[in-house]
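Each chain, written out:
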Amino acid sequence: MINLTTVMYHYVRNIKESRYPDIKGLELKDFIEQIEYMNKHYNFVTIEQIISSYEGGEHLPEKAILLTFDDAYAEHFNFVYPILKKYNIQGCFYPPASVITDNVLLDVNKIHFILASAKNHDDLVKEIERLLIKYKTEFKLNDFDYYYNKLAIADRFDTAQVIFIKRLLQHELDEKLRNKIADELFKKYVEIGEKAFCQELYMNEQQIEHLICDGMHVGSHGYNHNWWNKLTFSDLEKEIDLSMDFLQHVGCDMENWTACYPYGGYNKKVVDLLSKKNCKLAFTTEVDIADITVTNRLMVPRLDTNDIPKQSDASPNKWFSKA
């Protein structure tokens, strides 16, 4: 048994002091506490060590841990990266390439900031109901209650209302309609131009290159951040190839390229294609600890940041016991 704990991060910022105090993320001070907690109880490893271990090379140390950061947020460069350098930790960053090359705001981020900007989620749901009625005939939609009853199921992090909004606008509706509704809601609730918002939210190409030059790992999170398991084979291959072209362009070591599934979406078709393209590791959003002796290298689970204590002096929890 060779265990690996991988932790997944998204927003890491001074949330309460930001323009969007209701965004769901990790406060920077809590990130620092987590780093100190992990520094006490785990051994940080690099992506290269993990690849080597999978290929029969060096064994990982006990309580091995890896940190991953999805979506190329500017705060990862401005806040996270200096902290990682201070503690001599390699971070693994997974940018959706289009946010950097095309200044395109991801739909998932539109949804996050719509939710953070709408002070009353009841009113937001009513606005979505109005828009579904507006487009019902054009897109041959079901009644609002059909979608709400199907999708509004709370999970461990979000209320039923929030899950309804996310699922409806991430994959339930036709892509063209999803874009229309997300655009209308973004303009109504966020009130900032998309391009300007995009340039503020994400890293730029020079920052990505700097991370690579300084020993951080950068991998594929797709080009357009599509659900890979929902694409046709030809669209999937195009999506992965474009993301690989971006990685090569910014100077990644393509002999050791890795991926992180957008939305955690993968299936056998996706895994087989990544294997064919010699992807060395791929990370899911399934919540567990990996055992390198049995876990498929293209199906590596990750813990959420909320699964790690946010106090440096906290007692080890159940995930530490499993590690």
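Residues numbered from 1 in each chain as written. Predicted model: local features only at pLDDT ≥ 70, side-chain atom pairs only at ≥ 80, totals over all residues. Heavy atoms only, no water.

Structural notes on the pairing of strand β1 (residues 3-9)
Then, in step 1: Extensive coverage of β1 is indicated by the burial of seven of its seven residues.
Then, in step 2: Across the two faces of β1 the burial is the same, with N3, T5, V7 and Y9 and L4, T6 and M8 all buried.
Then, in step 3: As defined by bridge partners, β1 adjoins strand β10 (residues 290-291) across two bridges and the pair is classed as antiparallel. Bridging from a neighbouring strand, N3 pairs with D291 of β10.
Then, in step 4: Across six bridges, β1 lies against strand β5 (residues 64-70) in parallel orientation. Paired with M8 across the strands is T68, a residue of β5.
Then, in step 5: For β1 and strand β11 (residues 303-304), the ladder comprises two bridges, and the chain directions are parallel. By the bridge assignment, M8 is partnered in β11 with D304. (Buried < 20%, exposed > 50% of the residue type's maximum accessible area, 1.4 Å probe, protein only. Helix = DSSP H or I, 4+ residues; strand = E, 2+ residues; numbered from the N terminus. Pairing = 2+ DSSP bridges.)

Things to note about the packing of aromatic side chains
Then, in step 1: Within this structure, the stated rule accounts for 23 aromatic pairs.
Then, in step 2: For the ring pair Y73 and Y202, a centre distance of 6.1 Å and an interplane angle of 15° mean the geometry is stacked. Taken as a pair, Y73 in the loop between β5 and α3 (74-86) and Y202 in the loop between α11 (194-201) and α12 (205-213) lie far apart in primary sequence, 129 residues in all. In this pair, the class of Y73 matches that of Y202, namely buried.
Then, in step 3: On the numbers, 5.1 Å between centres and 80° between planes, the contact of Y146 with Y147 is edge-to-face.
Then, in step 4: Taken together, Y11, Y20, Y73, F113, F186, F197 and Y202 form an aromatic cluster joined through their ring pairs.
Then, in step 5: For the cation-ring pair, K63 lies above F320, with the distance from its terminal atom to the ring centre recorded as 4.2 Å. (Phe/Tyr/Trp six-rings, centres within 6.5 Å; stacked < 30°, edge-to-face > 60°. Lys NZ or Arg CZ within 6 Å of the ring centre and 35° of its normal.)

Points about the pairing of strand β6 (residues 91-94)
Then, in step 1: Side chains of β6 alternate between two faces, with G91 and F93 and C92 and Y94 buried alike.
Then, in step 2: The parallel pair β5 and β6 is bridged by α3, and the resulting crossover is right-handed.
Then, in step 3: Bridging between β6 and strand β7 (residues 217-218) involves two bridges; their strand directions are parallel. Following the sheet pairing, C92 is matched in β7 by H217. (Right-handed = clockwise from strand over helix to strand, strands pointing away.)

Observations concerning helix α9 (residues 160-172)
Then, in step 1: Counted at 1.5 Å a residue, the expected span for α9 with its 13 residues is 18 Å, but the 15 Å between its end C-alpha atoms falls short.
Then, in step 2: Along α9, the positions that sit buried rather than exposed are Q161, V162, I163, F164, I165, K166, L168, L169 and Q170.
Then, in step 3: If you follow the buried residues of α9, they end up packed against α5 (107-117), α6 (121-134), α8 (144-151) and α10 (175-189). (Expected span 1.5 Å × (residues − 1). Contact = heavy atoms within 4.5 Å.)

Overview of unusual backbone geometry
Then, in step 1: You will see that K63, though not glycine, has its phi angle at about 55°, which is positive.
Then, in step 2: Mapped onto the elements of the fold, K63 is located in the loop between α2 (47-54) and β5.
Then, in step 3: Within the chain, E191 stands out as a residue other than glycine whose phi angle is a positive 60°.
Then, in step 4: Among the structural elements, E191 can be located in the loop between α10 and α11.

Quick notes on the pattern of salt bridges
Then, in step 1: Tallying each qualifying case throughout the model produces 21 salt bridges.
Then, in step 2: Residues K85 and D214 are paired through a salt bridge, measuring 3.2 Å at the closest nitrogen-oxygen approach. Within this pair, whereas K85 is found in helix α3, its partner D214 is found in the loop between α12 and β7, the two being separated by 129 residues in sequence.
Then, in step 3: Accessibility expressed as a relative area gives 30% for D214, which makes it partly exposed.
Then, in step 4: Between E194 and K110 there is a salt bridge; the shortest N-O distance is 3.5 Å. Of the two residues, E194 sits in helix α11 while K110 sits in helix α5, which places them 84 residues apart along the sequence.
Then, in step 5: Residue E194 is classed as partly exposed on the basis of its relative accessible area of 30%. (Salt bridge = Lys/Arg side-chain N within 4 Å of Asp/Glu carboxyl O.)

Quick look at the nonpolar core
Then, in step 1: F31, M38, L67, L84, F164 and L274 are the most contacted members of the largest nonpolar core, which totals 102 residues.
Then, in step 2: In terms of nonpolar packing, the next biggest core, distinct from the first, is built from 18 residues, I50, L60, L66 and V300 among them. (Core = buried A, V, L, I, M, F, W, Y, C linked by side-chain atoms within 4.5 Å.)

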